[in-house]
Amino acid sequence: MKTSHGLLLTFCVIAISFAAIFVKWSDAPATIISMYRMYLACVLLLPVLWFKRADISRLTQKDWLFLALSGVFLGMHFALWFGSLKLTTVASSTIILSLQPIIALIGGYIFYKERVSMSMITTIVMSIIGVAIIGWGDFGLSPEVILGDFLSFLCVIAVVCYLLIGQNKVKTISHWVYSFFVFLFAGMALSIFNLVADIPMTGYSSREWGIFALLAIFPTAAHVIYNSLLKYMNTATISMTILGEPVGATILAAILLNEEIVGMQIVGGIFVLFGVFLFLTQQRKEAEKQKSVEVV
């Protein structure tokens, strides 16, 4: 893995760690937050899209189908995750998101026949042990909290489907064009849901619009970067780096939301971060080994 890619991934982890905080600050429904985040992100991408307009004309009917499908899954991911944050703690919701590598490895193996080594499985198991340690405290709490945890798990499946589609299409489509239309289709899907569910789409305060804008700028920028990095690494690798989000989000929640951090969360966070470090170290060594073989 190149140093520049590592720096970009580090920025992404920090940026997405703030997403849960922004959602907790908002009083708007989860699907409204998700919808306006997507539309505002599209507005921010419009200037870049103008310079990439030639790429749009080259999109095939199959490309448009995949873009729409990817957008629906992304919209589902945000709606489910933001909904979970309304019911459970930042720590629990974001930590359950750490199950992404397991789902991603299964999906990558099924759809792309990606190789899964024993050492890779070991590092992921280590991180998942950390997830289990942190989430252990939710058992025995209110049904509302458990529902929030379940919604977070469903959002994992949705985001991995989104990433798996992207891994295939972003190699043939400009990641700027891909990101814009995926966000647009996600916003459209959420708009349809809000209309059907009769959820008010207007009348929100300037404070709420400020939160929508913060979500559109920082965490969404991370998704654009992830889309571009799919050209150079697989879904499982990107999902593994996202394991850093629960730790960052938990720390931010303690500082900004006064959410308590218990000893089990600290121990689990150490497991998660150590697993991420080992995984990325292994990925770098394998890449260097492959380069040396190619040179020979």
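Residues numbered from 1 in each chain as written. Predicted model: local features only at pLDDT ≥ 70, side-chain atom pairs only at ≥ 80, totals over all residues. Heavy atoms only, no water.

### Focus on the environment of Leu-252
Assignment of secondary structure puts Leu-252 in helix 12 (residues 244–256). Distance in space between the C-alpha atoms of Leu-252 and Ala-91 is 9.9 Å, their sequence separation being 161 residues. Those residues in contact with Leu-252, other than ones at most four positions away along the chain, are Ser-17, Phe-18, Ile-21 and Leu-257. (Helix = DSSP H or I, 4+ residues; strand = E, 2+ residues; numbered from the N terminus. Contact = heavy atoms within 4.5 Å.)

### Focus on the packing of aromatic side chains
Considering all chains together, one arrives at eleven aromatic pairs under this definition. On the numbers, 5.6 Å between centres and 35 degrees between planes, the contact of Phe-78 with Phe-82 is tilted. Here Phe-78 and its partner Phe-82 are both found in helix 4 (residues 61–85), four residues apart, which amounts to about one turn of the helix. In this pair, the class of Phe-78 matches that of Phe-82, namely buried. For the ring pair Trp-209 and Phe-212, a centre distance of 5.4 Å and an interplane angle of 75 degrees mean the geometry is edge-to-face. Here Phe-212 and Trp-209 lie together in helix 10 (residues 206–229), a separation of three residues that amounts to about one turn. An aromatic cluster of at least three residues, connected via ring pairs, comprises Tyr-36, Tyr-204, Trp-209 and Phe-212. Across the ring face of Trp-50, the terminal group of Arg-53 is positioned such that the distance to the ring centre comes to 4.0 Å. (Phe/Tyr/Trp six-rings, centres within 6.5 Å; stacked < 30°, edge-to-face > 60°. Buried < 20%, exposed > 50% of the residue type's maximum accessible area, 1.4 Å probe, protein only. Lys NZ or Arg CZ within 6 Å of the ring centre and 35° of its normal.)

### Description of the nonpolar core
The biggest cluster of nonpolar side chains holds 66 residues, and the ones touching the most others in it are Ile-32, Leu-74, Trp-81, Phe-82, Tyr-162, Phe-183 and Leu-215. Considering each element in turn, this core owes the most residues, ten residues, to helix 2 (residues 30–51). Counting twelve residues, the second-largest nonpolar core is a separate cluster that includes Leu-9, Ala-15, Met-233 and Ile-238. (Core = buried A, V, L, I, M, F, W, Y, C linked by side-chain atoms within 4.5 Å.)

### Here we look at unusual backbone geometry
Positive phi outside glycine occurs at Asp-198, with the angle close to 60 degrees. Among the structural elements, Asp-198 can be located in the loop between helix 9 (175–196) and helix 10. For Asn-258, which is not a glycine, the phi torsion comes out positive at approximately 60 degrees. Examined against the element boundaries, Asn-258 turns out to sit in the loop between helix 12 and helix 13 (263–295).

### Side note on a nonpolar patch on the surface
A cluster of nonpolar residues, Trp-25, Ile-251, Ile-255, Leu-256, Ile-261, Ile-266 and Ile-270, forms a patch on the protein surface that exposes about 630 Å² of accessible area. Top contributing element to the nonpolar patch by residue count: helix 12, with three residues. (Patch = residues over 30% accessible without salt bridge, like charges linked within 9 Å, V, L, I, M, F, W, Y side chains within 5 Å. Areas by Shrake-Rupley, 256 points an atom, 1.4 Å probe, with all protein chains shown as cover. Salt bridge = Lys/Arg side-chain N within 4 Å of Asp/Glu carboxyl O.)

### Here we look at the pattern of salt bridges
Side-chain pairs of opposite charge can arise where the charged atoms are in close proximity. For the structure on display, the rule yields two salt bridges. One salt bridge in this structure joins Asp-55 and Arg-58, with 2.1 Å as the shortest N-O distance. For Arg-58, a relative accessible area of 57% gives the class exposed. Put simply, Arg-207 and Glu-208 hold a salt bridge, and the shortest N to O gap is 3.8 Å.

### Here's the deal with the packing of helix 2 against helix 9
Two elements in contact, helix 2 and helix 9, have axes whose closest approach is 8 Å; the angle formed by their N-to-C orientations is 150 degrees. What the angle tells us is that helix 2 and helix 9 run roughly antiparallel. Our pair here, helix 2 against helix 9, has a crossing hand that is left-handed. (Axes fitted to C-alpha atoms, helices over the stretch in contact; angles between N-to-C directions. Parallel < 35°, antiparallel > 145°, perpendicular 65-115°, else oblique. Left-handed = near helix turned anticlockwise from the far one by under 90°.)

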